[in-house]
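Each chain, letter by letter, is given below.
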Amino acid sequence: MGLEREWMMKVLQYIATIVFVLAGIALLVMPSHAAVVAAAGFVPTRFTVVDAGTVGKPDVVMIPGLASSRAVWDAEAKLLAPNYRLHLVQVDGFAGAPAGVNASGPVLAPIVEELHGYIVAGKMHPVVVGHSIGGLLTLMLADKYPADVRKLVLVDTLPYYAVVFNPAATVETVKPQADAIRQQLIAAPADQFAAMQPTMAAGMVKNADAQKLIAAGSIASDRTVFANAMYDDLQTDLRGDVATIKTPTLLLYPYDATLQKDEVKYDAIYHNAYKAMPNVTLKRIDDSRHFIMYDQPEKFDAALEDFLK
């Protein structure tokens with residue numbers, strides 16, 4: 001019983017620390033002008049795409065994070081749609097979307113293959129924007145299919161998130177914990193899981209309205225897809241790959257002095273993670289938590305627009 005309790009505490013600490021979860025159930029509403037699309041006959045089976053931009057303009061693919069709806073990008077869609085063709089992705093099983101084939105087996109690697117298929121079928125060379133685990137998908141895509149992407153924007157993403165929990169972490173040493181986290185997430189009673197979400201959301205975003213949406217979105221997600229995607233994240237280490245990713249990249253990461261007491265050590269996590277990447281620019285956005293687009297929308301949008309030009 002003591003070991004069980006210890007493991008559950010580690011699960012909660014891990015999730016709260018790396019803060020890469022969720023978006024809102026109310027965010028499932030699409031922009032009124034948007035339509036679910038396929039690219040030249042290519043129909044993804046692991047995610048859906050909404051076209052919220054202007055045909056003929058430069059392509060931008062936007063990928064939300066774990067358990068997040070595409071509508072986490074709603075403000076950015078309104079801002080960018082006149083000058084870009086936006087492809088707003090939502091992973092099946094997240095934030096109320098049906099799980100589909102994501103209901104079993106690996107999640108991240110198959111999504112990367114379908115993102116590649118979607119981009120190739122659409123004859124695109126897009127900027128790809130990813131938040132959190134969506135940023136990891138973005139890095140995985142650029143690593144395996146560098147010709148697919150023109151630029152990358154990573155929002156609070158690390159090449160290997162487990163180092164935040166343990167700086168000495170490796171895929172091998174973390175695997176037992178990853179297995180346990182997956183099993184415990186799937187097995188957790190629905191009422192207990194739901195009861196945790198307001199506290200979890202408060203650790204990820206300061207905006208009070210966004211906290212409610214984020215907590216609701218996690219509850220609406222398919223728990224197995226959620227757990228398997230988290231497992232995949234803990235078993236995906238791109239630290240050795242970033243040196244070969246030459247795509248121009250912007251990393252936006254948050255800083256909240258009320259949570260991160262050691263500013264130098266905190267900054268070093270991000271700078272060390274990307275120091276080998278040749279064409280990356282790191283930009284810290286203060287007074288923000290994981291969902292920078294909610295906590296500091298003006299600064300976030302200004303940085304994004306400037307990099308897209």
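Rules behind the numbers
Residues numbered from 1 in each chain as written. Predicted model: local features only at pLDDT ≥ 70, side-chain atom pairs only at ≥ 80, totals over all residues. Heavy atoms only, no water. Helix = DSSP H or I, 4+ residues; strand = E, 2+ residues; numbered from the N terminus. Buried < 20%, exposed > 50% of the residue type's maximum accessible area, 1.4 Å probe, protein only. Contact = heavy atoms within 4.5 Å. Areas by Shrake-Rupley, 256 points an atom, 1.4 Å probe, with all protein chains shown as cover. Core = buried A, V, L, I, M, F, W, Y, C linked by side-chain atoms within 4.5 Å. Axes fitted to C-alpha atoms, helices over the stretch in contact; angles between N-to-C directions. Left-handed = near helix turned anticlockwise from the far one by under 90°. Nonpolar A, V, L, I, M, F, W, Y, C, P; charged D, E, K, R; others polar. Pairing = 2+ DSSP bridges. Right-handed = clockwise from strand over helix to strand, strands pointing away. pLDDT = per-residue confidence, 0-100. Salt bridge = Lys/Arg side-chain N within 4 Å of Asp/Glu carboxyl O.

**As for the overall build of the chain**
In terms of regular secondary structure, the chain is built from 12 helices and 8 strands. Of all 309 residues assigned to the chain, the portion counted as buried reaches 54%. Look at the contacts in the chain between residues 6 or more apart in sequence, and 79% of them connect residues 24 or more apart. Put simply, the chain shows about 12700 Å² of open surface, and 58% of that area lies on carbon and sulfur atoms.

**A short note on unusual backbone geometry**
One non-glycine residue with positive phi stands out, namely Ser 132, at about 60 degrees. A relative accessible area of 0% places Ser 132 in the buried class.

**Focus: the environment of Gly 93**
Residue position: Gly 93 is located in the loop between strand 4 (85–91) and helix 3 (108–121). Exposure remark for Gly 93: the relative accessible area of 0% places this residue in the buried category. Separated by 128 residues in sequence, Gly 93 and Ser 221 place their C-alpha atoms 5.8 Å apart. Those residues in contact with Gly 93 that lie beyond four places of it in its chain are Pro 98, Ala 99, Ser 221, Asp 222 and Val 225.

**Details of the nonpolar core**
Counting residues in hydrophobic clusters, the biggest one holds 60 residues, and the most contacted among them are Leu 139, Leu 141, Leu 152, Tyr 274 and Met 277. In contact with Tyr 274, not counting residues within four places along its chain, are Leu 139, Leu 154, Thr 157, Leu 158, Pro 159, Leu 251, Val 280 and Leu 282. With 35 residues, the next largest nonpolar core counts Val 72, Ile 292, Ala 303 and Leu 308 among its residues.

**Here we look at the packing of helix 3 against helix 4 (residues 133–144)**
At a minimum axis separation of 10 Å, helix 3 and helix 4 run at an interaxial angle of 65 degrees. In terms of crossing hand, the pair formed by helix 3 and helix 4 is right-handed. Listed contacts from helix 4 to Leu 108, Ala 109, Ile 111, Val 112, Glu 113, Leu 115, His 116 and Ile 119 of helix 3 are Ile 133, Leu 136, Leu 137, Met 140, Leu 141 and Lys 144. Residues of the contact of helix 3 with helix 4, tallied by class, amount to 11 nonpolar, 1 polar and 2 charged.

**Observations regarding the pairing of strand 8 (residues 280–286)**
Across 7 bridges, the pairing between strand 7 (residues 249–255) and strand 8 is parallel. Following the sheet pairing, Tyr 255 is matched in strand 8 by Asp 286. A crossover links strand 7 with its parallel partner strand 8, the connecting element being helix 10 (residues 263–274), and its sense is right-handed.

**Let's talk about the confidence of the model for the chain**
Confidence in the prediction of the chain, expressed as mean pLDDT, is 88, and 87% of residues score 70 or more. Between residues 1–34, whose pLDDT stays under 50, and residues either more than four places distant or in other chains, the model counts 90 contacts.

**Focus: the pattern of salt bridges**
Throughout the structure, instances matching the rule amount to 10 salt bridges. With its nearest N and O atoms 2.6 Å apart, the salt bridge here joins Arg 289 to Asp 256. In this pair, Arg 289 sits in the loop between strand 8 and helix 11 (292–295) while Asp 256 sits in the loop between strand 7 and helix 10, placing the two residues 33 residues apart along the sequence. Overall, Arg 289 belongs to the buried group, its relative accessible area being 16%.

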